[in-house]
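Remarks on the overall topology
As a plain string of letters, each chain reads:
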Amino acid sequence: MATTFAALPLFICARSLYKKYSSQAQGLYDGAASATGDSFRILRKAETVLSHRTSRIVLVIERCSSSHNYTAVLRTAEALGIQHVFLIQPPVKDAQALVDKEKASTIDNGCGQEFKYDSDGDLVEVIDKTSTRKSWKRRKEVWVTDKEEQKKHAAYARNACKYITVHTYDTTQGCVDSLREFGVTDLWVTDLSQRAEIIDDNIFGDPNKTKNPNNFSVYPKCLAVVFGTESTGVTELMLELADKRVYLPLTGFADSLNLSVATALVLQRIMLLFPEGGVDGAMSEEEKHDHRIQWYSTLARGEEDKKLYDEALRTNLHKRIVLLDDLRRCDEHRTGWMNKKTKKKIKVKYNIKDDESTWKVGVDTKKNY
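Note that the coordinates shown come from a computational prediction; the quantities given were computed from them, not determined experimentally.

Summarising the model, the protein shows a mean pLDDT of 76, and 64% of its residues fall at 70 or more. Within the model, pLDDT remains below 50 along residues 1-37, and this stretch shows 35 contacts once partners closer than five positions in the same chain are excluded. Low pLDDT, under 50, characterises residues 365-369; the stretch is placed with 15 contacts to residues that sit more than four places away or in other chains.

Scanning the entire structure with this criterion turns up eight aromatic pairs. An angle of 5° between the planes, with centres 6.0 Å apart, marks the rings of F86 and Y169 as stacked. Taken together, the positions of F86 in strand β2 (residues 84-88) and Y169 in strand β6 (residues 165-169) put the pair 83 residues apart, joining distant regions of the chain. Its relative accessible area of 1% is what places F86 among the buried residues. Considering the side-chain rings of F204 and F274, the 5.0 Å spacing of their centres and the 70° angle between planes classify their relative orientation as edge-to-face. You can see F204 sitting in the loop between β8 (197-198) and β9 (223-227) and its partner F274 sitting in the loop between α8 (259-273) and α9 (285-299), a full 70 residues away along the chain. For F274, a relative accessible area of 5% puts it in the buried group.

Turning next to the side chain of Q83. Within the fold, Q83 resides in the loop between α3 (67-80) and β2. Under the relative-accessibility criterion, Q83 is labelled buried at 1%. Of the polar contacts made by the side chain of Q83, one reaches the backbone oxygen of Y163; its length is 3.5 Å. When near neighbours in sequence (up to four residues on either side) are disregarded, Q83 contacts R53, T54, Y163, I164, T165, M283, E287, H291 and W295.

Burial runs high along β9: five of the five residues are buried. Both faces of β9 are covered, namely the face carrying L223, V225 and F227 and the face carrying A224 and V226. Here strand β1 (residues 57-62) pairs with β9 via five bridges, running parallel. If you follow I61 over to β9, its bridge partner there is F227. Inspection of the sheet shows strand β7 (residues 186-190) paired to β9 by four bridges, in the parallel sense. Along β9, the bridge assignment pairs V189 with V226.

The next subject is the packing of α9 against helix α10 (residues 303-314). Packed helices, taken two at a time, are described by their axes: the angle between them and the distance between them. The N-to-C vectors of α9 and α10 enclose an angle of 165°; their axes lie 9 Å apart at closest approach. Judged by the inter-axis angle, α9 sits roughly antiparallel to α10. Note that α9 runs across α10; the crossing there is right-handed. For the pair formed by α9 and α10, the contact residues are H289, R292, I293, Y296 and L299 on the first element and Y309, A312 and L313 on the second. Residues of the contact of α9 with α10, tallied by class, amount to six nonpolar, one polar and one charged.

Reading the values: the criteria
- Residues numbered from 1 in each chain as written.
- Predicted model: local features only at pLDDT ≥ 70, side-chain atom pairs only at ≥ 80, totals over all residues.
- Heavy atoms only, no water.
- pLDDT = per-residue confidence, 0-100.
- Contact = heavy atoms within 4.5 Å.
- Phe/Tyr/Trp six-rings, centres within 6.5 Å; stacked < 30°, edge-to-face > 60°.
- Helix = DSSP H or I, 4+ residues; strand = E, 2+ residues; numbered from the N terminus.
- Buried < 20%, exposed > 50% of the residue type's maximum accessible area, 1.4 Å probe, protein only.
- Polar contact = N/O pair within 3.5 Å; in protein donor to acceptor, adjacent residues only side chain to side chain.
- Pairing = 2+ DSSP bridges.
- Axes fitted to C-alpha atoms, helices over the stretch in contact; angles between N-to-C directions.
- Parallel < 35°, antiparallel > 145°, perpendicular 65-115°, else oblique.
- Left-handed = near helix turned anticlockwise from the far one by under 90°.
- Nonpolar A, V, L, I, M, F, W, Y, C, P; charged D, E, K, R; others polar.

What follows is the structure, given as C-alpha cells:
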C-alpha cells in the first residue's frame, strides 16, 4: 500500500505533463492553432517560411566592402526567401568571432580624457577630448564610432545567418567553381556597361513562349545572380566567367543604386519574372528537412520548447501543420526591441507584473514599448 501511495505523485505528474503536451499538439493537429498565443505558433511560422524557401536562385556578393551593406544584403536575401548566399572576400567572415574579439572599451575619467583598452584589458591609448586638433578627433571617431559600428553589424550578420546558408570564399574562381558544383546552370552578373541586358520580360527569351517553370530551355534550372563591390562592381574575371550581364533600368540622373537596394530590387524583379511556382518553394524535401532540424533547434527557447520541438520532429508534425496565410506579426506582438534594463524600468514605471507582456504598455499609452 505504501508503494502505491509513493508512486501516486509520480503518476499524477506524468499524466499532467502528458495532457499538457498532447493538448498542445492536438490543437495544432486540428488546425486550431491561431497566429497568437499558441505554443506552436512559432513552428507554424517556421513551416510557412520553409514552404517559400528557394534554392533555384542563389545570391553572390563579390568583395562587398561595407559592413552595413553586408548585413543589409543578408537580411534582404532571408526576407525574400533566398536560402543560399555565396560571399567572396566579405568584410566579416566569422561574425561571432568578431563579436568576441572586439571587446575593447573606453573609460571617461571625467576630466576630458578617455582611456582606450584592448580585449586583454591593456591600456593602448589616451584620447584627449579637450584637444581641438583634428588628428585627435579623427582618432577618437575611428575607434569609438567605426569599431562600435563594426561590432553591431557583426552581431546583425550573425542573426541574419541563423536561417540562411552562407558560403564564403577567398577567390572569385573558387566561388564560381563551387557554384557550378552546387548546380548553377546560369551565372548572371550585374553590370552597368552597354553589353548588359535589361531585366524585363524578354530576359528569358520570347515572352510569348509557354509559361512553364520546368521548361529549362527557357527558365534557368538554377540561377546565380552576382553583385559586385560598391565602388567598381564585379571583377573582370567575374565578367569573363558570366553567362549573361544584366542591369536594372533607371530613369533618373543617378545611374546606380546602393548595393543592398540594388540587390533587393533585382532579386525581386527576377523572381517575379518566373512563372508561378517557378521560384517560390523550389527546394527539395530533403533539403527542407535539413533546414527544419536546424531551425527547430535554433527556435527553441528553453528545455520545454526543445522537448516539444524534438517531439514534433519525431512525429513528423510538419506534415499536419496548417500554414499561416500571413507572415506578418499580430499587432500585439509588433513591438520595438528593448534591452533588459529598459524593460525593467518600463515595468516599474507602469507597474507591470513579470508575467505580463510589455506590449500592453504600448497599447495603453500609445507608445512603442
